[in-house]
Amino acid sequence: MKHTLRGLISAAFVLAFAGMGIAQTPAAAPPAAPPAAGRGGPPRPVLWVTSSAFPDGGFIPMHNAGRGENKSPAFEFHWNLGLNPGTAPDTLKTYAVILHDMENSTAKGTVDTLHWSAFNIPGSAQGLAEGLGSGDLPDGTRNGPGISNRNGNPGAYFGPGAGPGPIHHYVFEFYALDTKLDLPATATRDELLKAMEGHVIGKAAWTGRFPQPQ
């Protein structure tokens, strides 16, 4: 009986010391998480635009409407580096602009109405002047697919034309490209977008509404 009791006491001491050893062994540290992609890198130049014709999201005046004087709005190009004003990237070659009506659909499909486009705007341009001409311009700008560029007519700005009723949203999309596009003025919208693919180094947008409620 004494031998049995001594054996039980010895076993208890062994288990107690083993438990203390386990408790005192520090847990392995979890593996460090990989750094988040894209964080901590240098800021890149970002394109943005402004216009004196109408505020972003505001109503487009008749001066710039297809049912009015049909003058293309003036725009200014800007570049930022982080929160600070910057300069355009060295790779910039040209700009392109696309104006489309978000509310319309073409041929019962998902594609909206393309009003106007222009491409090969020189990369040295500080913006677009009001009232751009049609066809190919002296600085190399080429008016491309849009409402005016039909039935053999040269491409030209064609502003909002929605009639009385629900307001339509018109978006001017601006693309900064690292190439000059080798496209004819008769190119389609899909051909223009495909040619720009892989060459966009900046993008901005300006939105207007039309018509203004009476």
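What comes next concerns the included structure. These figures come from a predicted structure and were not determined experimentally. (Residues numbered from 1 in each chain as written. Predicted model: local features only at pLDDT ≥ 70, side-chain atom pairs only at ≥ 80, totals over all residues. Heavy atoms only, no water.)

Turning next to the packing of aromatic side chains. Enumeration over the complete set of coordinates arrives at six aromatic pairs. When the ring of Phe75 is compared with that of Phe174, the centres are 4.9 Å apart and the planes differ by 65 degrees; the resulting orientation is edge-to-face. A residue pair is termed long-range when its members are at least 10 positions apart, and Phe75 in strand E2 (residues 75–81) and Phe174 in strand E8 (residues 168–177) qualify at 99 residues. Its relative accessible area of 1% is what places Phe174 among the buried residues. Their ring planes at 80 degrees and their centres at 5.3 Å tell us that Trp116 and Tyr157 sit as a pair that is edge-to-face. In this pair, Trp116 is assigned in strand E5 (residues 113–122) and Tyr157 in the loop between strand E7 (142–143) and E8, connecting sequence segments 41 residues apart. Assigned by exposure class, Trp116 and Tyr157 land together as buried. Of the aromatic side chains, those joined through ring pairs into one cluster are Phe54, Phe75, Phe77, Tyr95, Phe172 and Phe174. Sitting above the plane of the Phe59 ring, Arg209 keeps its charged end 4.3 Å from the centroid. (Phe/Tyr/Trp six-rings, centres within 6.5 Å; stacked < 30°, edge-to-face > 60°. Helix = DSSP H or I, 4+ residues; strand = E, 2+ residues; numbered from the N terminus. Buried < 20%, exposed > 50% of the residue type's maximum accessible area, 1.4 Å probe, protein only. Lys NZ or Arg CZ within 6 Å of the ring centre and 35° of its normal.)

The next subject is the nonpolar core. Counting 26 residues, the largest nonpolar core has Leu47, Phe77, Tyr95, Trp116, Phe172 and Phe174 as the members making the most contacts within it. Where this core is concerned, the elements lending two or more residues are strand E1 (45–50), E2, strand E4 (94–101), E5, E8 and strand E9 (200–210). In terms of residue count, E8 provides more of this core than any other element does, four residues in total. In contact with Phe174, other than residues within four places in its own chain, are Leu47, Val49, Phe75, Phe77, Ala96, Val97, Leu128, Gly202, Lys203 and Ala204. (Core = buried A, V, L, I, M, F, W, Y, C linked by side-chain atoms within 4.5 Å. Contact = heavy atoms within 4.5 Å.)

This next bit is on the pattern of salt bridges. A complete count under the given rule lists two salt bridges for this structure. Where Asp112 meets Arg189, a salt bridge forms, and the shortest distance between an N and an O atom there is 2.9 Å. Note that Asp112 is positioned in the loop between E4 and E5 and Arg189 in helix H2 (residues 189–196), a separation of 77 residues in sequence. Across the pair, Arg189 and Asp112 agree in class, each one buried. For Arg142, the salt bridge identified is with Asp136, shortest N-O distance 2.9 Å. (Salt bridge = Lys/Arg side-chain N within 4 Å of Asp/Glu carboxyl O.)

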